[in-house]
Each structure stands twice: as C-alpha cells, then as structure tokens.
Protein chains: 2
Amino acid sequence: MKFGGTSVADLSKMKGAALRVQAEVESGNQIILIVSAMAGTTDDLIGRVGQISSLYDAREYDAIVSSGETVTAGLMALILQSMGINSRSWQGWQIPINTTDDHSNARIRKIETGNLIEKFASGMQVAVVAGFQGVSDNSRITTLGRGGSDTTAVALAAAFKAKRCDIYTDVDGVFTTDPRITPNAQKLEKISYEEMLELASLGAKVLQTRSVELAMSYKVRLRVLNSFGSGSGTLVCDEEDIMEKRIVSGITFSKDEAKLTVVGVKDKPGMAGNVFDCLAKASINVDMIIQNISEDGLTDVTFSCPTSQVGVAKKALEQGKSTNNFNYSKLVEDKQVAKISIVGIGMRSHSGVAQTMFKTLGKENINIKVISTSEIKISVLIDRKYLELAVQSLHEAFGLEKALN
Amino acid sequence: MKFGGTSVADLSKMKGAALRVQAEVESGNQIILIVSAMAGTTDDLIGRVGQISSLYDAREYDAIVSSGETVTAGLMALILQSMGINSRSWQGWQIPINTTDDHSNARIRKIETGNLIEKFASGMQVAVVAGFQGVSDNSRITTLGRGGSDTTAVALAAAFKAKRCDIYTDVDGVFTTDPRITPNAQKLEKISYEEMLELASLGAKVLQTRSVELAMSYKVRLRVLNSFGSGSGTLVCDEEDIMEKRIVSGITFSKDEAKLTVVGVKDKPGMAGNVFDCLAKASINVDMIIQNISEDGLTDVTFSCPTSQVGVAKKALEQGKSTNNFNYSKLVEDKQVAKISIVGIGMRSHSGVAQTMFKTLGKENINIKVISTSEIKISVLIDRKYLELAVQSLHEAFGLEKALN
C-alpha cells in the first residue's frame, strides 16, 4: 500500500490512511506501507536548497529532501502502533534499497528482502517504508526523482512478490481524460500497462512513469485508488486481462510544451543529425520533430521541448552554429502551444483512428502543427488556446463519455 | 565547531555561521562542524509525536526528531560549497556514531574515525555532522537527549583529538549568573570543568551536562562563544589552567523545583529508605532531602523534585503506603519554591562560604527550607518569590560583579 503526499498531509489524514491499513491487517495480510512526504514538505525543502544555489550538490539535495518521507514513516508507524498494530518504520538505507548514485534521479538496483522478512516472521504486521529514498554503494542517501515513492512501492511489491500494489492518491483512479476539462470523463476500471505508460509519460500525473515500467516488467498487480473515497479505483494490468477494449482509452495533454523552428538549414544528409546532436549535448528533452520539404536546398526543422528548456535550447543552437557544422538563418519560437495525445491499445487493430482525430480537430478549425505517433498513441501539437475544445471534442468523437470496461 | 539551533535558525544565520567556519578553514584548519536543528524544528516534531500518543515508541521518536539535524547538515554543506569550501554532510549512521539503544537518551559508545579521516585526506575541508543523532547496533537511529548536539561535538572533538571544541550559541559565554536577573553579571573568561558541570546540572542551559562530563574526561578544550558577537567567550578548562580563582564562580537557580513533605513517618531504621525506594521505582528525580528531628517516634521527610513529577510522586507514595512497608499521616506539597545554588572550586580551600550565603539570605529575611551541598556547591530551597532578591544579594555578597579572571 502506498499513500501519496495529499493522503498523509496531516495527522488526521494519516489516521484515515491507517484505518485502511488496519482493515488489510485484519484480513490477515502482511503489509509494506510506503509513504510520501506530507504534502508541501518536499517543495519547502527544495525551495530552501534553491535559495542557496541553483547549482547544488545533488548528494546534499537528496540528504535534505528525503527527510520528509522519513518523518511521515515514523509518524505512521506511531499511529499504527497506537491502534495496536505491530509496526515499525524503515528508511531506504535500513532495508536497504540499493540504488545507483545518480543523485536526485537514482534507479533502484537491488532490494534486500532479508531484514523485512525476518521482522515479519517475528511478528511485525506493517513495515512502514519511507518512499522516494534509497542508498548508494558508498552509503549516501539517494532519491528516485519526483513521484519516486510510486517506484519505491512497485519495486518493493516486485521484490516481495506482493499479492497487490495499491497506490492511494487523491483521485478516484485513472480517467479517460482530466475531469476538470471534460466533466463527463469516465473513470477506467482497467487499463493496460502499455497505455498507462504512455499516459504517464505524456503528462498524466497519477503515476510516475518508471513505476509503470517496473510494474509492467514484473507483472505487478497495480491499483490506483482514492484515499478519500470508497471506489474500486483503476487496475493497471496486462492487456489480456482486459475483456472489452476501447479503441482509445484516454486523452491526455501537456501545456508545458514549446515549439522551436530552425529556419533555413542546408538540406543535406547529416544536417538534422548535427542539430539534434547539439541539443542532446545540452540535455534538451526533444519530444516531437518535423522537417519541412526542401526549397532551394534549404529546409526548416521544427521540434518541441519543455517550455523551461527553450532558453537553453536557443543558446545551444546559437553556439552550435559556429562549431557544430550546421547553419541556419533564424530561430522561431512558439510557447503558446499544447500537446494533445490519444492513447489506446485498440489502435493496433483498428485503422482510421488518426483520421478520426484529424477530422475532429479540423471540424473545429484547430490547426495541427506537429504530429507524432507510436503504436498505441497519436500526439499533436496545437495552439494552446484550443486545448479545452480539442480535448472535449476528441473525448466525444471517440465515445469516451460512455462508461465501459 | 558546533552551532546551536538559534545560530542556524534560518538561511541567513546559517550563512553567518558559515563565514566563521570559512575563517577557520582559511587559517589552515580542518573542521568538523556539528549542527543542531533549526530553532523550533525539534519542538514541532516532538509536538506531532505527542499528538499521536503520550506513550510512544522511542525508536520512532528518534527517527522522526533526528530529521531536523539532518536537514541543517545538508543545508550547511551546500552553503559552504557555494563559498568554494570542500564539504559534505554526515548523518550519525554514516560516520558512524555508535550508541547504546537507550532511545531518546542514548549514550555514545564508539565513534568510527576512519571514514572522515579518509575524506579529509582526499581534500574535504569541512565535515558537517548532524548533531544529536547516532545509530544503535541494530541499525536504528538514536538520539542523545535534549541538547545532545553539545555531546556530539565534544565526543567528536575527543575522538579526533581536536585542537579545540568551540560551541557557538546565542550568549556571550558563561556568566556569573543570569544577566536577565542580575544586570551586572559578569562573563567568565575561564571556568573549570567541575564548576561547569555543577552549573549545567543545576539548570544553567548553556551546555548539556553530559557534554561537560565528556569534556572533563577527555580534557577537551571547550569554548562557549556567541554566534552573533565577537567576544572571546568562555573557556571551560582544567582547574590548573585558571590562575586567579574566585571562591564562588557562579550562581544558578531553578524554578522547576517543588518540595514535598511526607509527614508522620515512623522514625525507625530503614523507613526513609523505603520511602525513597518507592520514589526511585517511579523514576522520580529526587534532588534534595531533609529529615526532621523525631518527635514521639515520628518524623517528617522532605524532598524536592521537578515540578512536573509531583503528581507521579504523590501517587507513588500513596500506593507505596500499603505495599512498601512504610506509613505516614499526610503529604504536604509546595510548588512555590526555587532552588538557588552557588558554585566555586574556591570553596574547597575557603571556609565560611556557607556562612556568608546563609547570613546574606537571612539579612534579606529569606527563609531557607532545604539545604544540600557538595564539595564545590551549596544549594538552598527558598520561596520562589524571593528568587531575584536572593540571586542579586548573593551576587553582591560574593563580589561577582567585579570583572576577574
């Protein structure tokens, strides 16, 4: 069981979470309970680090920000104890959860199960584990990136071959799209790992992408549930376990996307490679790419990247111009864009999905600026002002308002 | 160098502390910097624990409250790095500082010096150590009791055979008495370990008692300095290093003291023993004891203890009456008392100190309720309302307003 930051925001919410844990204990289950920092705590700590320097030592950052989870784990253990449940807290290094030393974005390498198994054998009913944190080979605290507690939960579920991995959050489950934009968005009873992975990486904030990857690799039976509700949530599972498949399961979007066009690049082999090589070296997270038809031996290369990286991207390109063996006449940026994506495993077996998407947007006079696709996803970049309209009309076009599966 | 909670209360105060560390680095010193939690943090955390249960698991308490020091250590390391100083943070378990498993009041057993020495050899200039915390044999976080960061500092100074141990706090040093009560109280340039130990255990809050014991055992050259001032502070040192000794060095007091009289105890051998045995079993911290002259085979036993323990003490005595083989007619409590103590190594060689003390109080018509003495200390219990008057007149009687040593 994993409870996110809003689910443990204060002592009374923690007690609510503890009641859910108690019910599982009473059903005879042994529980590994993963907790996030109390909502706001991590941001406060990051804020303090940011006030010292923008170029901070990630090892110290990790030691500092991981303290939020440590506190919640201790408090939850005390609450469970006060309810008569045999529990104790575990920090990442105590289990230990061994990770790479990529501080602030470490990956789990190995989870030692012996210590917990021993304690369970001697009467421990609930192991409360501080999420988000691990320890490197040289005994320094690491963290797993924003949302890393999801990954802690799934990794522990895999390591201990847990019956289930229940992720408690502040929404009812995974929806066909954001209900704040499309009020008749439907909660999905089930979604496949592949779809969830696309949704997570496209900006749906319900689960950390890496946690879904891990769940898929280790076939962890993952459920997303509401801490504050009583619904059945959404089960993230194998495609085979979903009887009635929708063609499109979800529509997601991201406003944090900007478009950059490199105008007048010489159209000869290797040129685009040089441009993106230069961007990769500057760690720009290039998302969608399009190259125009050549005219007079020159072409335009357009790509999208997170809005926050536009400045760095422009600087890298300007510097690269002289040194990286490419040239261009000018850079055009557009920050007023949004990315809309439709995701569904049904696309594999149904043709015409792209056509329906483009037609629907066309009917609303929404111009598509860039397109990218994968086997189970189509993404388009459009003017940001059309975001809500696009999501609503696509939601209707693919019949997502009808409750299914 | 150790900085207390008020000296690291916020980032700007931490930067001030960092400047003092920088000056030492520039003088060519290698520094172990011990930090407390930011002022208020530990109390906040303790408050949360208290809201869950009054009977909490001290192991979880330790895991929770130690997080304050962890955060400060990380932030200080970042601040020092931003000033170009090679530094990193160390948590208790990373050094490790091995302690007993008496959670929330653990004692240091062993400090591993190898890891820090290795890092110093490879260029580390400042090791920032989270004070107050250690780790038990079974890898759980322990804490050293309130003010435990002083003990961390002195223990590290001893283990690493440090040249000095500088304790930075929010006062100029150790005073002849509390300047808030006696404005002409003088800062002491030097004080002996023995005197400091008496003052600390009698309620002077400037240093944790155990840290002074440790400093005395290992002859650590201990200085108390003001983070926010430029004075030379007070050196706590061997008696032999103090040339001109005062007869009385300091006057301290405690308001947190109550007097309890057990009236009508049968005056026969072993009776008082039974009474105090009963109190000891209830963990009552009995301080001063007096027994009246017997009358008709009955006597009164009076003792003092912390005000907060009066309830428990009375309950223990009432229950003990039937089972512990003693009897009494009634219990009389007096919470309106205060304890005043005069401390000085000069008492050993000077007679008449007690006489001067009693005469001075008598002249002010202050009645002495209980007296206790040690080789270098005399304590009296008086009505609390006379506290200020008593301190001021004793300060004058022993000539403490004159700057010396």
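All values reported here derive from a predicted model rather than from experimental measurement.

About the thresholds
- Residues numbered from 1 in each chain as written.
- Chains lettered and ligands numbered in written order.
- Predicted model: local features only at pLDDT ≥ 70, side-chain atom pairs only at ≥ 80, totals over all residues.
- Helix = DSSP H or I, 4+ residues; strand = E, 2+ residues; numbered from the N terminus.
- Rg over C-alpha atoms; globule rule 2.2 N^0.38 Å.
- Buried ≥ 20, exposed ≤ 12 C-beta atoms within 10 Å, placed from the backbone.
- Contact = placed C-beta atoms within 7 Å.
- Least-squares fit on C-alpha atoms with pLDDT ≥ 70 in both.
- Core = buried A, V, L, I, M, F, W, Y, C linked by C-beta atoms within 7 Å.
- Pairing = 2+ DSSP bridges.
- Axes fitted to C-alpha atoms, helices over the stretch in contact; angles between N-to-C directions.
- Domains from an automatic or database assignment.
- Parallel < 35°, antiparallel > 145°, perpendicular 65-115°, else oblique.
- Left-handed = near helix turned anticlockwise from the far one by under 90°.
- Nonpolar A, V, L, I, M, F, W, Y, C, P; charged D, E, K, R; others polar.
- Arc of directions from axis to C-beta.
- Expected span 1.5 Å × (residues − 1).

1. Overview of the overall build of chain A
Within chain A one finds 12 helices and 20 strands. Taken against the 2.2 N^0.38 rule, which gives 22 Å for 405 residues, the C-alpha radius of gyration of chain A at 23 Å falls within 12% of a compact globule. Burial statistics for chain A: of 405 residues in total, 49% are counted as buried. For chain A, the proportion of contacts with a sequence separation of at least 24, taken over those separated by at least 6, is 75%.

2. Digging into the interface of chain B and chain A
Of the residues lining the interface, 26 residues belong to chain B; the matching set on chain A comes to 26 residues. Of all the elements in the fold, those that place two or more residues in the side of chain B that touches chain A are α2 (41-52), α3 (58-65) and α4 (67-82) of chain B. Broken down by element, the side of chain B that touches chain A gets its largest block of residues, 10 residues, from α4 of chain B.

3. Some remarks on the relation of the copies chain B and chain A
In summary, the two copies of the chain are related to each other by a rotation about an axis coupled with a shift along it. When chain B is fitted onto chain A, the two copies agree to an RMSD of 0.1 Å after a turn of 180° and an axial shift of 0.1 Å. On the angle and the small slide along the axis, the relation comes out as a two-fold axis. When each C-alpha of chain B is compared by its distance to the rotation axis, serine 67 of chain B comes out closest, at 2.9 Å. The residues that chain B uses at the interface reappear at the interface of chain A in 96% of cases, marking a shared surface.

4. A word on the environment of glutamine 91 of chain A
All names here are of chain A. By secondary structure assignment, the location of glutamine 91 is in the loop between β3 (87-90) and β4 (97-99). The exposure class assigned to glutamine 91 is buried, which follows from the 27 C-beta atoms found within 10 Å. The spacing of glutamine 91 and glycine 134 is 43 residues in sequence and 7.8 Å in space, taken between C-alpha atoms. Setting aside chain neighbours within four positions, we find glutamine 91 in contact with Thr70, Ala130 and Gln133.

5. Some words on the nonpolar core
Of all hydrophobic cores here, the largest spans 238 residues; its most connected members are Leu33, Met76 and Val129 of chain A together with Leu33, Met76 and Val129 of chain B. The contacts of valine 129 of chain B, once residues within four sequence positions are left out, are Ile32, Leu33, Ile34, Ala73, Trp90, Ile95, Thr152 and Leu156 of chain B.

6. Quick word on the sheet that holds strand β16 (residues 298-305) of chain B
Residues and elements named next belong to chain B. Read from one edge to the other, the open sheet built from four strands follows the order β15-β16-β14-β17, with strand pairing classed as antiparallel. At either end of the open sheet lies a strand with only one pairing partner, and these are β15 (289-291) and β17 (330-334). Averaged over all neighbouring strand pairs, the angle between strand axes comes to 15°, with direction disregarded. The pairing of strand β14 (residues 258-266) with β17 spans five bridges and is classified as antiparallel.

7. Some thoughts on the domain arrangement of chain A
Per the domain assignment, the segments of chain A are domain 1 (2-170) and domain 2 (241-405). Relative to domain 2 of chain A, the C-alpha centre of domain 1 of chain A lies at a distance of 36 Å.

8. Observations regarding the packing of helix α11 (residues 353-363) of chain A against helix α12 (residues 387-397) of chain A
Residue and element names in this part refer to chain A. With their axes 10 Å apart at the nearest point, α11 and α12 run at an angle of 130° to one another. Comparing their axes, α12 and α11 come out oblique. Helix-helix and strand crossings are classified by hand; for α11 and α12 the assignment is right-handed. For the pair α11 and α12, contact is made by Thr356, Met357, Thr360 and Leu361 and by Ala390, Ser393, Leu394 and Ala397, respectively. A class-by-class count of the residues in the contact of α11 with α12 yields five nonpolar, three polar and no charged.

9. Quick word on the sheet that holds strand β16 (residues 298-305) of chain A
All names here are of chain A. Strand order in the open sheet formed by four strands is β15-β16-β14-β17, with antiparallel pairing between adjacent strands. Looking at strand neighbours, the two that pair on one side only are β15 (289-291) and β17 (330-334), the edges of this open sheet. Along the sheet, successive strands turn relative to each other by an average axial angle of 15°, direction set aside. Bridge count between β15 and β16: three bridges; the pairing is antiparallel. Bridging across to β16, glutamine 291 finds its partner in valine 301. Running over the sheet, helix α9 (residues 271-281) touches β14 (258-266), β15 and β16 and is turned about 140° from β14. Contacts between helix α10 (residues 310-323) and the sheet are confined to β14, β16 and β17, with β14 contributing the most and set at about 10° to the helix.

10. Some remarks on helix α9 (residues 271-281) of chain B
All names here are of chain B. Turning to α9, its buried residues are Val275, Cys278 and Leu279. Each buried residue of α9 lies within a common arc of 100° when the element is viewed along its axis, so the set occupies one face. Turned more than 90 degrees away from the buried face of α9, the exposed residues are Gly273, Ala280 and Lys281. Its buried side turned inward, α9 meets β14, β16 and α10 (310-323). Two residues or fewer after α9 comes serine 283, characterised by a positive phi angle close to 60°.

11. Some points on unusual backbone geometry
Look at the link from isoleucine 95 of chain A to proline 96 of chain A: it is a cis peptide, with omega at -20°. Mapped onto the elements of the fold, proline 96 of chain A is located in the loop between β3 and β4. The phi dihedral of serine 139 of chain B is positive, around 60°, even though this residue is not glycine. As for its placement among the helices and strands, serine 139 of chain B is situated in the loop between β7 (133-135) and β8 (141-143). Of note in the backbone geometry, serine 283 of chain B takes a positive phi value of approximately 60° without being a glycine. Residue position: serine 283 of chain B is located in the loop between α9 and β15. Given 10 C-beta atoms within 10 Å, serine 283 of chain B falls into the exposed group.

12. Considering the pairing of strand β13 (residues 250-254) of chain A
Residues and elements named next belong to chain A. Of all five residues making up β13, five are buried, and the element is well covered by its neighbours. Along β13, one buried face is formed by Gly250, Thr252 and Ser254 and the opposite face, lined by Ile251 and Phe253, is buried too. Across five bridges, β13 lies against strand β18 (residues 337-343) in antiparallel orientation. By the bridge assignment for β18, serine 254 is matched with lysine 339.

13. Concerning α10 of chain B
All names here are of chain B. If you check α10, its first and last C-alpha atoms are 20 Å apart, about what 14 residues at 1.5 Å a residue would give, namely 20 Å. Along α10, the residues classified as buried are Ala313, Ala316, Leu317 and Gly320. The buried residues of α10 occupy an angular sector of 100° when projected down its axis, which confines them to one face. In α10, the exposed residues that point more than 90 degrees away from the buried face are Gly311, Lys315, Glu318, Gln319 and Ser322. Residues of α10 that are buried make contact with β14, α9, β16 and β17. Of the residues flanking the end of α10, it is asparagine 325, one or two places downstream, whose phi is positive at about 65°.

14. Section: the pairing of strand β3 (residues 87-90) of chain B
Regular strands place their side chains on alternate faces of the sheet. All names here are of chain B. Residues of β3 alternate between two faces, with Ser87 and Ser89 on one and Arg88 and Trp90 on the opposite face, all of them buried. Here four bridges tie β3 to strand β6 (residues 126-130), and the two strands are oriented parallel to one another. Looking at β6, one finds that arginine 88 is bridged to alanine 127.

15. Here we look at the packing of α2 of chain B against α3 of chain B
Residues and elements named next belong to chain B. Where α2 contacts α3, the two axes come as close as 9 Å, and the packing angle between them is 145°. Like other packed secondary-structure pairs, α2 and α3 cross with a definite hand, here right-handed. Residues Thr42, Leu45, Ile46 and Val49 of α2 form the contact with α3, whose participating residues are Tyr61, Ile64 and Val65. Looking at the contact of α2 with α3 residue by residue, the class counts come to six nonpolar, one polar and no charged.

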